[in-house]
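# Descriptive structure summary
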Amino acid sequence: TDIISSQEQTVVEKEGYLLKAKIADGGKKLRKNWSTSWIVLTAQKIEFYKESKQPALVSLKPGYKPECVDLCGAFIEWTTEKSSRKNVFQITTVSGNEFLLQSDIDFIILDWFHAIKNAIDRLPKE
Ligand code: I3P
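Worth saying up front: this structure is predicted, and the values here are computed from it rather than measured. (Residues numbered from 1 in each chain as written. Predicted model: local features only at pLDDT ≥ 70, side-chain atom pairs only at ≥ 80, totals over all residues. Heavy atoms only, no water.)

## Thoughts on the state of the cysteines
The final tally for this structure, using the stated rule, is zero disulfides. There is no disulfide at Cys-68, and the cysteine sulfur nearest it, in Cys-72, is 11 Å away. (Disulfide = S-S within 2.5 Å.)

Dropping the structure here:
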């Protein structure tokens, strides 16, 4: 029932740096490797970039694809078991990709959690 306009799909709702670790790909466990990532949230997806300048440059680089997370049917939850770090939440996609996101700064990670949760809740479940 919820139809998201093409304009809405490209509007950046939130962006900024967080620590990111991808821990599963298509259900297959990966070795955890934390790295700083520039995170761009739109209505239906999250994109991970290495640097904040990249979104503007992407159109100039036909070969470059940021890692993209489809939020349709995705699941978000806080976790204290998957990391020794504080302020960690996990996003699990329908395709079985799992990402941990973290910030030491409480309000930053809380803002991100709620922004992503709101996006997921607005989307159809599949
Ligand atoms: C991992 C690395 C991660 C750590 C992880 C280690 O070692 O130290 O930072 O996760 O712990 O296995 P390596 O670099 O040798 O792969 P956290 O920082 O999130 O605790 P884990 O195995 O308990 O996930």
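## With respect to the nonpolar core
Formed by 22 residues in total, the largest nonpolar core has its most connected members in Leu-41, Ile-46, Leu-71, Phe-89, Ile-91, Leu-101 and Ile-116. Within the residue set of this core, elements represented by two or more residues are β3 (35–41), β4 (45–49), β7 (88–92), β8 (98–102) and α3 (106–122). Top contributing element to this core by residue count: α3, with seven residues. Not counting the four nearest positions on each side in its chain, Ile-91 is found in contact with Ile-46, Val-69, Ala-74, Phe-75, Ile-76, Asn-97, Glu-98, Phe-99, Leu-101 and Ile-116. (Core = buried A, V, L, I, M, F, W, Y, C linked by side-chain atoms within 4.5 Å. Buried < 20%, exposed > 50% of the residue type's maximum accessible area, 1.4 Å probe, protein only. Helix = DSSP H or I, 4+ residues; strand = E, 2+ residues; numbered from the N terminus. Contact = heavy atoms within 4.5 Å.)

## Looking at the packing of aromatic side chains
In total, this model carries five aromatic pairs according to the counting rule given. Ring geometry for Tyr-17 against Trp-38: centres 4.8 Å apart, planes inclined by 70°, an arrangement best described as edge-to-face. You can see Tyr-17 sitting in strand β1 (residues 14–25) and its partner Trp-38 sitting in strand β3, a full 21 residues away along the chain. By relative accessible area, Tyr-17 is classed as partly exposed at 43%. For Trp-38, a relative accessible area of 14% translates into the label buried. A ring pair is formed by Phe-89 and Phe-113, whose centres lie 5.4 Å apart and whose planes are at 75°; its orientation type is edge-to-face. Placement of the pair is Phe-89 in strand β7 and Phe-113 in helix α3, with a sequence separation of 24 residues. We note that Phe-89, like Phe-113, is buried. (Phe/Tyr/Trp six-rings, centres within 6.5 Å; stacked < 30°, edge-to-face > 60°.)

## Overview of the environment of Asn-118
In this structure, Asn-118 sits in helix α3. The exposure class of Asn-118 is partly exposed, given its relative accessible area of 43%. Through-space distance from the C-alpha of Asn-118 to that of Ala-24 is 23 Å; in sequence the pair is 94 residues apart.

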